[in-house]
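# Summary of structural features
One-letter residues, chain by chain:
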Amino acid sequence: MLCNQPIKSSTKESSLTHFEFIKNNLRYITELHESFKINRNPISFRTELAIGSIQDIWSEFINEPFVALDLSLFKRSRSAAAYALLTLYAHMSKSLLRPNQGYFVDDQKAIQSILHCLIKVFHDPTFISKSDSARRNQQKTRDSLFGYALDLKEIYPKLMVIRVDFGYKQAVSRTNLPLQRIEDDWEQLLWYIKIKFSDSFAGYAVKFEHGEAKGLHAHSVFFLDGNVVRTDARIGRIFGEYWESDVTEGLGVHFNCNTSDYKATLKVCGLGTFTGQEPAFRDGIWIIADYLSKPDVVVRLMLPERTKIFRRGSLSEKQKLKLEAVRKKQTIGIIDPQPKHEQPRVLA
């Protein structure tokens, strides 16, 4: 029941920051929308699939910081989940259901109000449009990276694929430091790799992401000429050690995905050195491309001035000429034609 008695002010700081409030609610709204897509029956949706996420959202509002939340980031965001949170926040404010407005609020009343608001949002044409746009953009990005990797494989008969995740130590990851420098740090790393491995460097892709445990980090893939370099795990370690010691001056951490132990855990491994268009390469690259292309709304809100949370290299003029020559030879039959690109067998 909504009461007109103000909540007493407390000098104790809230356990949540605005960032945590936003991040958690975006995750719960996304989970709720996935449940909604599975079962669009409002009655079943209310009783079976939604209560846990709704309760989690209400818990975030109960612990919402008392400092006013800057809504401008949400208004500029193209994310469907961000639009839903903005709409919900406005609804909760208008209905006097946010506890930090100074009122006691009945739990069941708030939970039902959140549920009804979000069901309405999920039918909203603006939300649907943003959701469909995000899905199309993800597919476009995935296909672009997949095609880029296949082009590189045509250019380099022996292609090495290295994946390393770069981040910061836990004590640092919980500060603003990663926000301020991760892109510049990563560009410094890329510059080093291009110089250090100038005779073998072929291309790259990177996605900046925020994780619960890792904080802000960069999932990175590098392509090298396997006829020039060997031992992918060792090269991945070189990249990681340079990140930790030189780029971040001891503040960074890395995870080398090219170790034999890690590769052994993968059902389909697209890492290592490949000498042909074997299924493992195509299927593995498809999985990597699908993962790196998935949008991260939290990072987009954290770095609003940046337009490319995901980025990849492009073929140099020299690479384009070589690719053209390879395909010309295939056409006139000087060499055996490469198999036509087809849908990968493994989807992630």
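This one's a predicted model, so the numbers in the text were calculated from it and none came from an experiment. (Residues numbered from 1 in each chain as written. Predicted model: local features only at pLDDT ≥ 70, side-chain atom pairs only at ≥ 80, totals over all residues. Heavy atoms only, no water.)

## Let's talk about the packing of aromatic side chains
Within the structure shown, the criterion is met by 16 aromatic pairs. With centroids separated by 5.2 Å and ring planes inclined at 45°, the aromatic side chains of F166 and W243 adopt a geometry described as tilted. Pair noted here: F166 is in strand β1 (residues 159-168) and W243 is in helix α10 (residues 232-247), with a separation of 77 residues, a long-range link. Accessibility assignment for this pair places F166 and W243 in one class, buried. The rings of F166, Y168, W186, F197, Y204, F222, F239 and W243 are connected pair by pair, giving a single aromatic cluster. Above the face of the Y291 ring, K207 is positioned so that its terminal group lies 5.3 Å from the ring centre. (Phe/Tyr/Trp six-rings, centres within 6.5 Å; stacked < 30°, edge-to-face > 60°. Helix = DSSP H or I, 4+ residues; strand = E, 2+ residues; numbered from the N terminus. Buried < 20%, exposed > 50% of the residue type's maximum accessible area, 1.4 Å probe, protein only. Lys NZ or Arg CZ within 6 Å of the ring centre and 35° of its normal.)

## Observations regarding the confidence of the model for the protein
Across the protein, the average pLDDT comes to 82, with 84% of residues at or above 70. Element-level mean pLDDT values for the protein span from 55 in helix α2 (residues 42-49) up to 96 in α10. Below a pLDDT of 50 lies the segment residues 1-16, which in the model reaches 30 contacts outside its immediate sequence neighbourhood of four places, other chains included. (pLDDT = per-residue confidence, 0-100. Contact = heavy atoms within 4.5 Å.)

## Here we look at the pairing of β1
For β1, the buried fraction is high: 10 of the 10 residues fall into the buried class. What you see with β1 is no split at all: L159, V161, R163, D165 and G167 on one side and M160, I162, V164, F166 and Y168 on the other are buried throughout. Pairing of β1 with strand β3 (residues 215-225), which is carried by 8 bridges, proceeds in the antiparallel orientation. Along β3, the bridge assignment pairs F166 with A218. As judged from the 3 bridges shared by β1 and strand β5 (residues 272-274), these two strands associate in the antiparallel manner. From the neighbouring strand, M160 faces β5, where its bridge partner is T273. Here β1 runs beside strand β4 (residues 252-256); their pairing, made up of 5 bridges, is antiparallel. Bridging from a neighbouring strand, G167 pairs with V253 of β4. (Pairing = 2+ DSSP bridges.)

## Considering the packing of helix α7 (residues 125-155) against helix α12 (residues 279-292)
α12 packs onto α7 with a crossing angle of 145° between their chain directions and a minimal axis gap of 8 Å. Here α7 and α12 pass one another in a crossing that is right-handed. Contacts from Q138, R142, D143, L145, F146, A149, L150 and K153 of α7 reach α12 at F281, R282, I285, W286, A289, D290 and L292. Among the residues making up the contact of α7 with α12, the classes are represented as 9 nonpolar, 1 polar and 5 charged. (Axes fitted to C-alpha atoms, helices over the stretch in contact; angles between N-to-C directions. Left-handed = near helix turned anticlockwise from the far one by under 90°. Nonpolar A, V, L, I, M, F, W, Y, C, P; charged D, E, K, R; others polar.)

## Some points on α12
Relative to the 20 Å expected for 14 residues at 1.5 Å per residue, α12 spans 20 Å between its end C-alpha atoms, a close match to the ideal helical length. Of all the residues in α12, the buried ones are F281, R282, D283, G284, I285, W286, I288, A289, D290 and L292. Where α12 is buried, its residues meet α7, β1, β2 (201-211), β3, β5 and β6 (310-312). (Expected span 1.5 Å × (residues − 1).)

## Here we look at helix α14 (residues 317-332)
When the terminal C-alpha atoms of α14 are compared, their 23 Å separation across 16 residues agrees well with the 22 Å that a helix rising 1.5 Å per residue should span. Among all positions in α14, only Q319, L323, V326 and Q330 are buried. Buried residues of α14, seen end-on, are gathered within an arc of 60° and therefore sit on one face of the element. In this structure, α14 carries E317, K318, L321, E324, K328, T331 and I332 as exposed residues pointing more than 90 degrees from its buried face. (Arc of directions from axis to C-beta.)

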